[in-house]
Amino acid sequence: MEIELVSTITCPGCGHTKEEEMPTTACQFFYQCDNCKHLLKPKEGDCCVYCSYGNVACPPIQEGTNCC
């Protein structure tokens, strides 16, 4: 299975979407929407903003390992 490194994040506040490259060595806990400046944090039970708001889960989750 090939690991995808790009995910499209959708802001729950304004609906703005942006394609971002995910880090492979650390979780990303915060992400600021370029449009409305809302600070996104992972939803309860998710390890990072990509798992909560992205269309692709973070690389460690894709690999089937624990994130963070």
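Everything numeric here is computed off the predicted structure, so don't read it as measured data.

J.: Give me the overall build of the protein chain: which residues, what numbers.
T.: Summing up its helical and strand segments, the protein chain has two helices and four strands in all. For the protein chain, the succession of helices and strands along the chain, N to C, is β-β-β-β-α-α. Expected size for 68 residues packed as a compact globule is a radius of gyration near 11 Å; at 11 Å, the protein chain falls within 12% of this value. For the C-alpha atoms alone, the extent of the protein chain along its principal axes is close to 35 × 20 × 15 Å. Every one of the 68 residues in the protein chain was classed for burial, and the buried ones make up 31%. In the protein chain, of all internal contacts separated by at least 6 residues, the share reaching a separation of at least 24 is 36%. Of the accessible surface of the protein chain, which amounts to about 4,400 Å², a share of 46% is contributed by carbon and sulfur atoms. Side chains of the protein chain carry 4 positive and 9 negative charges; the gap between the two charge centres is 13 Å.

J.: So, the environment of G15: which residues are in play, and what are the values?
T.: Along the chain, the position of G15 falls in the loop between β1 (6-10) and β2 (17-21). Distance from G15 to N35, taken between C-alpha atoms, is 9.1 Å for residues 20 residues apart in sequence.

J.: Mind laying out the pattern of salt bridges, listing which residues take part and the relevant values?
T.: Following the criterion strictly, the structure yields two salt bridges and no others. Of the charged contacts, one joins K18 and E20 as a salt bridge, the two residues approaching to 3.6 Å between their closest N and O atoms. Its salt-bridge partner being K18, residue D34 comes within 2.7 Å of it at the nearest N-O pair. On the criterion of sequence distance, the pair formed by D34 in the loop between β3 (31-32) and β4 (39-40) and K18 in strand β2 is long-range, its members being 16 residues apart. Assessed through its relative accessible area of 39%, D34 is described here as partly exposed. What you see here is one network of salt bridges that share partners, running through K18, E20 and D34.

J.: So what about the pairing of β2? Which residues, and what values?
T.: As judged from the five bridges shared by β1 and β2, these two strands associate in the antiparallel manner. Paired with I9 across the two strands is K18, which belongs to β2. Hairpin remark: β1 followed by β2, antiparallel, with six residues in the connecting loop; positive phi at G15, about 85 degrees.

J.: Mind laying out the environment of T8, listing which residues take part and the relevant values?
T.: On the secondary structure map, T8 appears in strand β1. In this structure, the C-alpha to C-alpha distance between T8 and E20, residues 12 residues apart in sequence, is 6.1 Å. When residues no more than four places from it in sequence are discounted, the contact partners of T8 are T17, K18, E19, Y53, G54 and N55.

About the criteria used
Residues numbered from 1 in each chain as written. Predicted model: local features only at pLDDT ≥ 70, side-chain atom pairs only at ≥ 80, totals over all residues. Heavy atoms only, no water. Helix = DSSP H or I, 4+ residues; strand = E, 2+ residues; numbered from the N terminus. Rg over C-alpha atoms; globule rule 2.2 N^0.38 Å. Buried < 20%, exposed > 50% of the residue type's maximum accessible area, 1.4 Å probe, protein only. Contact = heavy atoms within 4.5 Å. Areas by Shrake-Rupley, 256 points an atom, 1.4 Å probe, with all protein chains shown as cover. Lys, Arg positive; Asp, Glu negative; His and termini not counted. Charge placed at Lys NZ, Arg CZ, Asp CG, Glu CD. Salt bridge = Lys/Arg side-chain N within 4 Å of Asp/Glu carboxyl O. Pairing = 2+ DSSP bridges.

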